[in-house]
Amino acid sequence: MSFVITPPDRTALPVAGTNKLFPVRRVYCIGRNYAAHAIEMGHDPNREPPFFFCKPADALRHIDSNKLTAIPYPPKTSNLHYEVEMVVAIGKGGVNIPENEAMEYVYGYAVGLDLTRRDRQQEMKDLARPWELGKAFDASAPISTVVTADSVGAINNFRITLEQNGELKQSGNTNQMIWSVSGAISYLSEYFRLEAGDLIFTGTPDGVGPAVAGDILKASLQDVGSFSIKLI
Ligand code: MN
């Protein structure tokens, strides 16, 4: 049987050191996984543990590390925020994954931006409604090339930064994550069957803030990569 319309393209990310692609299935995101960011957003990390939301896979935009790439400033916001995050690429499927086995499910890592319409997100929070208008818009997830897990060191101690027009705005370390990578995989796998191709954005350190058209945002994760976008 043929399709009645042209099937949409599958989102895929290049893998460093290969000429192959990592095909993306789902994009899970952790909210408030760094205590200092939870506090800057007005929450008590001791009272409210991290949680998950999703972005559509086609919201990803792969950014080459050596090419400043234009990303559109999205409509319907006047308060677009950057959030730099470590991204975990899942390499095999499973449910109820024990934390001490979770790293076997990791294919690799990337660095990404969880771009957020903060004004729309705050309205949805106030109304106790879902966050899609704030989080799931087109091109809301610029992301680097994937590096394989065996090509990087101990990911629980990586410096993660965001520069806005050359000025350091976010500076954290993955050792500040409330849910570790293995903890997040284990927790998530109790609620969803994880599959090869899933990505997990693991939350942002503190220092988030607004960006405007014309800004250059540089996202970096130690040993994994960096990229720059220009908002237009
Ligand atoms: Mn985020």
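Please read these numbers as outputs of a predicted model, since none were measured by experiment. Think of each chain on its own: its residues are numbered from 1, step by step along the sequence as written. Under the rules for a predicted model, residues below a pLDDT of 70 receive no local features and side-chain atom pairs below 80 are neither given nor counted, while totals for whole chains, interfaces and linings still include all residues. For side-chain calculations, the full set of non-hydrogen atoms in the structure is used, while hydrogens and water are omitted.

Once that is clear, we can look at the coordination of the manganese ion. Looking at the manganese ion, one finds its protein donor set to be Glu83 (OE), Glu85 (OE) and Asp114 (OD), positioned 2.0 to 2.1 Å from the metal centre. Going along the chain, you hit the donors of the manganese ion in the pattern E-x1-E-x28-D. Separated by 29 residues along the polypeptide, glutamate 85 in strand 8 (residues 84-90) and aspartate 114 in the loop between strand 9 (106-113) and strand 10 (116-117) bring together distant segments of the chain. Accessible area is worked out with a 1.4 Å probe on protein chains only. A residue is then buried under 20% of its type maximum, exposed over 50%, and partly exposed in between. Judged by relative accessible area, aspartate 114 falls into the buried class, the value being 1%. Nitrogen, oxygen and sulfur within 2.8 Å of a metal are treated as its donors, or within 3.2 Å for sodium, potassium and calcium (Na, K, Ca); water is not counted, so a site can appear incomplete. In this text, helices come from DSSP runs of H or I with a minimum length of four residues, and strands from runs of E with a minimum of two, each type numbered from the N-terminal end.

This part covers the nonpolar core. A general feature of soluble globular proteins is that nonpolar side chains tend to end up buried together. Only buried Ala, Val, Leu, Ile, Met, Phe, Trp, Tyr and Cys residues count toward a nonpolar core, and they belong to the same one when joined by side-chain atoms within 4.5 Å. Core analysis: the largest hydrophobic core is formed by 43 residues, its most contacted members being Tyr109, Leu113, Ile185 and Leu217. Within the residue set of this core, elements represented by two or more residues are strand 3 (27-31), strand 7 (80-82), strand 8, strand 9, strand 13 (159-164), helix 4 (181-191), strand 17 (216-221) and strand 18 (225-231). In this analysis, two residues are considered to be in contact whenever any of their non-hydrogen atoms come within 4.5 Å of each other. Every residue in contact with isoleucine 185, bar those within four places of it in the chain, is listed here: Val88, Ile90, Ile97, Ala102, Val106, Leu194 and Ile200. One finds Phe22, Trp131, Ala141 and Ile143 within the second-largest nonpolar core, a separate group that totals 19 residues.

Each patch is built from residues lacking any salt bridge and having more than 30% relative accessible area; the joining distance is 9 Å for like charges and 5 Å for nonpolar side chains (Val, Leu, Ile, Met, Phe, Trp, Tyr). In this description, accessible areas are obtained by the Shrake-Rupley approach with a 1.4 Å probe, and a residue is regarded as covered only by the protein chains that are shown. Here a salt bridge means any side-chain nitrogen of Lys or Arg lying within 4 Å of a carboxyl oxygen belonging to Asp or Glu. On the surface, a cluster of nonpolar side chains totalling about 310 Å² of accessible area is made up of Tyr187, Tyr191 and Phe192. Within the fold, tyrosine 191 resides in helix 4. Taking relative accessible area as the criterion, tyrosine 191 reaches 56% and is therefore assigned exposed.

On to the sheet that holds strand 18. DSSP-based pairing: two strands are paired if at least 2 bridges between them are found. Judged by pairing direction, the sheet is mixed, and its 5 strands sit side by side in the order 6-18-17-13-14 without closing on themselves. Since the sheet does not close on itself, it has two edges, and those belong to strand 6 (69-71) and strand 14 (167-173), each with one partner. Neighbour-to-neighbour, the strand axes of this sheet turn through a mean angle of 25°, independent of strand direction. Where strand 13 lies against strand 14, 6 bridges are found, and the strand directions are antiparallel. Note on strand 14: the bridge partner recorded for arginine 159 is asparagine 173. What counts as an axis is a line fitted to C-alpha atoms, over the stretch in contact for a helix, and the angles between N-to-C directions run from 0 to 180 degrees.

From the geometry alone we can't say anything about function, so treat these as descriptive.
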